[in-house]
Amino acid sequence: MIENRRNFLKLSGLSGVGLYTAGVTTLKGENTGAKGPENIENKGELKLTQPVNRFPSSLHSYYQDKIREKDALHTQKIMGLNSYQEALEYQDSIKRKILDCIGPFPEKNPLNAKVVGKLDRKGYRIELVTYESRPGYVVTANLYLPKGGRKPRPAVLGTCGHTREAKTSVYQHFAQSLALKGYVVLLIDPISQGERLQFPTDDRKSEVKWGVTEHIYVGNPLNLVGESIAGWFAWDCVRGIDYLFTRKEVDQNHIGVTGNSGGGTQTTWLCGVEPRLTMAAPSCFVNTIRRNFENQEVQDAEQYVPFVLENGLDHFDFIAAMAPKPVILISQEKDFFDVRGTEEVYHKLRHFYKLLGAEDNIQLFVGDGYHGYHQSGREAMYGFFNSITKISDDSLEPEIELEKDEDLWCTPNGQLSHEESKVVGDFVREQSLQLKQTRNPGNLSQLQTTVKSVLNIPYSTKIFDYKIFRGRKEPSFPKTFVSDYMVETEPGAEVAVYKLMDELIYSRPTVNQRKAVIYVSHESMDEDLVNDEYVRNTVVSHTDYDYYTCDLRGFGQTAPNTRINYSIAFRSEYFYAMMANLLGSPLLGRRTYDLLCVLDWLKSVGYSEFKIIGKGFGSLPATLASLIDENVREVQLKNPLKSFSEIAESKFYKWPLSCMPFDVLAHFDLPDCYKLLEEKNLIMDDVWDANPEFE
């Protein structure tokens, strides 16, 4: 177990230095510059006549164009609203869309709330509270209750940003301050923080890494069963409101929510789904998806809601869903979340609120600090909430003395045990097993239709154009000469294709055999052609085929060079897969479409029969394209994924989000495809499970 975990950390990019970067090839001999005990050994340079990553901005530019187009249409739509009735109709439509995107939410179970401890302080008391947001799934929280004065009182749900200790950290500042002003405050631990690590060790550490990394690592497999970790975060908050409604101390006519950064995320999503809210103050989060993407501001999994761009939504809409109820957006001038985007959202919200006759109910505060819920921002929130509830006229923050972490714990050791609470992975595993019993992929024709639908693959392909780079000699390749092409599969998307030959050809593809092999790389065809003996042998052994290789979008020649923080697990393969999910078009689907386009391109120059060979990550589009295209007669897979359910049902995995299509397990799994591909002489070598031993 220890050795497996060590390999998992090293190879999935979740160790302290995060070396594994799916989609960014580390060739033998390339010095990554990473520091730490697990740095890759330099074994000498890979000698090729051309760079192995000539077009590193290709994938980013493709999504940038898509997102800019969505942003422009969204702004045009909002600013084109001209009446109260149009605003109401728009609001009604986005409420339904938001629930479709962030859900599905489960039926509400009994909260089974418990008060496990109490602290008595001057002006207020604190109750240590737990409740179940889902059956057996416990949320740890602190409830701040003012002493004396009027009852019932306005209440605020406090959501925590990315701090290890969450509710016992600096967020005590606003909880104590609000309580002293007369508010009931429920401050909750988010998933993977505080007492709610999903991969806990005995010493309160994470087997993965607390916070951002766990959020991503827990969130990715939820895609396979049609859920998002954003929805799980939001649901914990909804159930927090349910708990507040059980308390006699709470005035149900005044229910607010506030939080910073990750807490601002939860606050924003809750505005879109919780009609009982009467006021909100998200801090250091609300922005435009365009600004975040253009600035390469990669966020963790709960900060992305699937399909929002496909449905014409942005952060704006989660706030607009709450209009005309009062909301203050809090930002900081020096924040890495671009304040320009926050201001753009605010100006659109002013227009929307004005149509509803409540322009002053939307406010913006911009502090002069860096990212964080600074005192100036907190005091802006206090004054804003006070103006609504009239509970106090004091907007200043008193001197605060933070409690010790352990005094605010709801558990003896500061971490829920598996006996006390299930983890997200338990639910994913259970759902995968249930879906296995109910899905029916049908016959070949039915499965082809299902695959296209789930992966949003167009029913026909169109080759826009292709480039011919000068052919060259590559002595390190198993055949000496290379014809070098870039096939445009859709505007802005290109696939690098080589033809390997014994003679030098500079022009368009020449047809020698009428039959062609297409090799689909794991991460880089250059790397595989030089260093993988299995792949090299397939070139030598297929003498009766013309031999082509390809890097599908985002691999090898088009692998992104986007700068991504080490804590972001799976780096580029995570980031661009998330963008694809926002657009409702899974990255695996786009890559499968790329391969179908390459097949059609080769048909157009005279080939009529194909053998597809795919390796590792490339085995997935190889499998799916081979299932769809009738001209593929043979399929050979090296290191294919055993099944999507393997990932869903495993504790650890190394496959990136780009290999996890949304809701796929409700419809089909890879063994369904493999079974039908037996008719095409399927060969599978060295099948990989969820957590394989990469070299």
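Values in this document were obtained by computation on a predicted structure and should not be read as measured data.

What counts and how
Residues numbered from 1 in each chain as written. Predicted model: local features only at pLDDT ≥ 70, side-chain atom pairs only at ≥ 80, totals over all residues. Heavy atoms only, no water. Helix = DSSP H or I, 4+ residues; strand = E, 2+ residues; numbered from the N terminus. Rg over C-alpha atoms; globule rule 2.2 N^0.38 Å. Contact = heavy atoms within 4.5 Å. Areas by Shrake-Rupley, 256 points an atom, 1.4 Å probe, with all protein chains shown as cover. Lys, Arg positive; Asp, Glu negative; His and termini not counted. Charge placed at Lys NZ, Arg CZ, Asp CG, Glu CD. Polar contact = N/O pair within 3.5 Å; in protein donor to acceptor, adjacent residues only side chain to side chain. Core = buried A, V, L, I, M, F, W, Y, C linked by side-chain atoms within 4.5 Å. Buried < 20%, exposed > 50% of the residue type's maximum accessible area, 1.4 Å probe, protein only. Phe/Tyr/Trp six-rings, centres within 6.5 Å; stacked < 30°, edge-to-face > 60°. Lys NZ or Arg CZ within 6 Å of the ring centre and 35° of its normal. Axes fitted to C-alpha atoms, helices over the stretch in contact; angles between N-to-C directions. Parallel < 35°, antiparallel > 145°, perpendicular 65-115°, else oblique. Left-handed = near helix turned anticlockwise from the far one by under 90°. Nonpolar A, V, L, I, M, F, W, Y, C, P; charged D, E, K, R; others polar. Pairing = 2+ DSSP bridges. Right-handed = clockwise from strand over helix to strand, strands pointing away. Salt bridge = Lys/Arg side-chain N within 4 Å of Asp/Glu carboxyl O.

Novice: I keep staring at the overall build of the protein chain and nothing clicks. Help me out?
Specialist: Across its full length, the protein chain holds 20 helices and 17 strands. Here the C-alpha atoms of the protein chain give a radius of gyration of 27 Å, agreeing with the 26 Å that 2.2 N^0.38 yields for 695 residues. If one aligns the C-alpha atoms of the protein chain with their principal axes, the spans along those axes are about 90 × 60 × 50 Å. Partitioning the contacts of the protein chain with sequence separation of at least 6, the portion at a separation of at least 24 is 75%. A total of about 25,800 Å² of accessible surface is found on the protein chain, and carbon and sulfur atoms cover 47% of it. Put simply, the protein chain has 79 plus and 94 minus side-chain charges, and the middle of one group is 1 Å from the middle of the other.

Novice: What should I look at first to understand unusual backbone geometry in this one?
Specialist: In terms of backbone geometry, most residues other than glycine have negative phi values and most peptide bonds are trans. Residue Gly103 is joined to Pro104 through a cis peptide bond whose omega torsion reads 5°. Among the secondary structure elements, Pro104 is positioned in the loop between helix H3 (84-102) and strand S1 (114-121). Across the junction of Ala323 and Pro324, the peptide omega takes the value 5°, indicating a cis bond. Counting through the fold element by element, Pro324 comes out in the loop between helix H9 (315-320) and strand S8 (327-332). In this structure, Asn639 is a non-glycine residue whose phi angle is positive, near 60°. Locating Asn639 in the fold gives a position in the loop between strand S16 (632-638) and helix H19 (644-648). Its identity as a non-glycine residue notwithstanding, Asp686 has a phi of 50°, on the positive side. Considering the arrangement of structural elements, one finds Asp686 in the segment after strand S17 (683-685).

Novice: What am I meant to see in the side chain of Arg290 here?
Specialist: Mapped onto the elements, Arg290 comes out in helix H8 (residues 289-294). A polar contact is formed between the side chain of Arg290 and the side chain of Asp71, at a distance of 3.0 Å. With residues up to four places along the chain from it excluded, the contact list for Arg290 reads Ile67, Arg68, Asp71 and Glu344.

Novice: Explanation requested: the nonpolar core in the structure shown.
Specialist: Generally speaking, soluble globular proteins have nonpolar side chains that are buried together. Counting residues in hydrophobic clusters, the biggest one holds 160 residues, and the most contacted among them are Tyr63, Tyr574 and Phe644. Looking at this core element by element, the count peaks at eleven residues for helix H6 (residues 229-245). Apart from residues lying up to four places away in sequence, Tyr63 is in contact with Phe293, Tyr576, Met579, Ala580, Leu583, Leu587 and Arg590. Listed in part, the 29 residues of the second largest apolar core include Leu178, Tyr183, Ala281 and Phe384.

Novice: Sorry if this is basic, but what is going on with the environment of Pro200 here?
Specialist: One can find Pro200 in the loop between strand S5 (184-188) and helix H5 (212-222). Using a relative accessible area of 32% as the deciding quantity, one classes Pro200 as partly exposed. The spacing of Pro200 and Tyr607 is 407 residues in sequence and 55 Å in space, taken between C-alpha atoms. Every residue in contact with Pro200, bar those within four places of it in the chain, is listed here: Lys205, Glu207 and Gln415.

Novice: Any chance you could explain the packing of aromatic side chains here in plain terms?
Specialist: Within a pair of aromatic rings, the relevant descriptors are the distance that separates the centres and the angle that separates the planes. The final tally for this structure, using the stated rule, is 38 aromatic pairs. Arranged with centres 4.9 Å apart and planes meeting at 80°, the rings of Tyr62 and Tyr63 form a pair that is edge-to-face. You can call Tyr62 buried: its relative accessible area is 6%. Within the aromatic cluster, the residues linked to one another by ring pairs are Tyr62, Tyr63, Phe293, Phe575 and Tyr576. For the cation-ring pair, Lys181 lies above Tyr382, with the distance from its terminal atom to the ring centre recorded as 5.2 Å. Here the guanidinium or amino end of Lys422 rests over the ring plane of Phe427, the centre of that ring lying 4.2 Å away.

Novice: Please clarify how the packing of helix H13 (residues 444-454) against helix H18 (residues 619-628) should be interpreted in this entry.
Specialist: Packed helices, taken two at a time, are described by their axes: the angle between them and the distance between them. One can describe the packing of H13 onto H18 by two numbers: an axis separation of 9 Å at closest approach and a directional angle of 130°. It follows from the interaxial angle that H13 and H18 lie oblique. Our pair here, H13 against H18, has a crossing hand that is left-handed. On H18, the residues touching Leu444, Leu447, Gln448, Val451 and Lys452 of H13 are Leu624, Leu627 and Ile628. Residues that form the contact of H13 with H18 fall into these classes: six nonpolar, one polar and one charged.

Novice: Would you mind showing me how to read H5 here?
Specialist: Most of H5 is tucked away, with ten of its eleven residues classed as buried. Inspection of H5 places Thr213, Glu214, His215, Ile216, Tyr217, Val218, Gly219, Asn220, Pro221 and Leu222 among the buried residues, and these make up the whole buried set.

Novice: Teacher, can you tell me more about the pairing of strand S9 (residues 362-367) here?
Specialist: Put simply, side chains in a regular strand alternate between the two faces of the sheet. Across six bridges, the pairing between S8 and S9 is parallel. In the strand pairing of S9, Ile328 is matched with Gln363. A crossover links S8 with its parallel partner S9, the connecting element being helix H10 (residues 339-355), and its sense is right-handed.

Novice: Which parts of the structure should I look at to understand the sheet that holds strand S14 (residues 546-551)?
Specialist: Consider a sheet: its strands pair through backbone hydrogen bonds, and that pairing is either parallel or antiparallel. The strand order S10-S11-S12-S14-S13-S15-S16-S17 describes an open sheet built from eight strands, whose pairing is mixed. Bordering the open sheet on either side are strand S10 (465-473) and S17, each of which pairs with just one other strand. Across the sheet, the mean angle from the axis of one strand to that of its neighbour is 20°, orientation sign disregarded. Pairing of strand S15 (residues 609-615) with S16 involves six bridges; the strand directions are parallel. From the neighbouring strand, Lys611 faces S16, where its bridge partner is Glu634.

Novice: Could you clarify how one ought to interpret the side chain of Thr489 in this entry?
Specialist: Examined against the element boundaries, Thr489 turns out to sit in strand S11 (residues 481-490). Looking at Thr489, its side chain comes within polar contact range of the side chain of Asp594, at 2.8 Å. Look past the residues within four positions of Thr489 in its chain and what remains in contact with it is Lys462, Phe464, Val495, Arg553, Tyr593, Asp594 and Cys597.

Novice: Where do I start with the pattern of salt bridges in this structure?
Specialist: Once their charged atoms are close, side chains differing in charge can pair, the charge on each being opposite to the other. Applying the stated criterion to the full structure yields 48 salt bridges. Put simply, Arg290 and Asp71 hold a salt bridge, and the shortest N to O gap is 3.0 Å. Residue Arg290 is located in helix H8, and its partner Asp71 is located in helix H2 (residues 58-79); the two are separated by 219 residues in the primary sequence. The residues Arg290 and Asp71 share a single accessibility class, namely buried. Measuring nitrogen to oxygen at the nearest pair gives 3.7 Å for the salt bridge that ties Lys615 to Asp528. One end of the pair, Lys615, is in strand S15; the other, Asp528, is in helix H14 (residues 525-531), with 87 residues separating them in the sequence. Take Lys615 and Asp528: they sit in the same class, and that class is buried. A single salt-bridge network, built from bridges that share partners, covers Arg68, Asp71, Arg290, Arg291, Glu294 and Glu344.

Remember, this is a structural readout, not a statement about activity or role.
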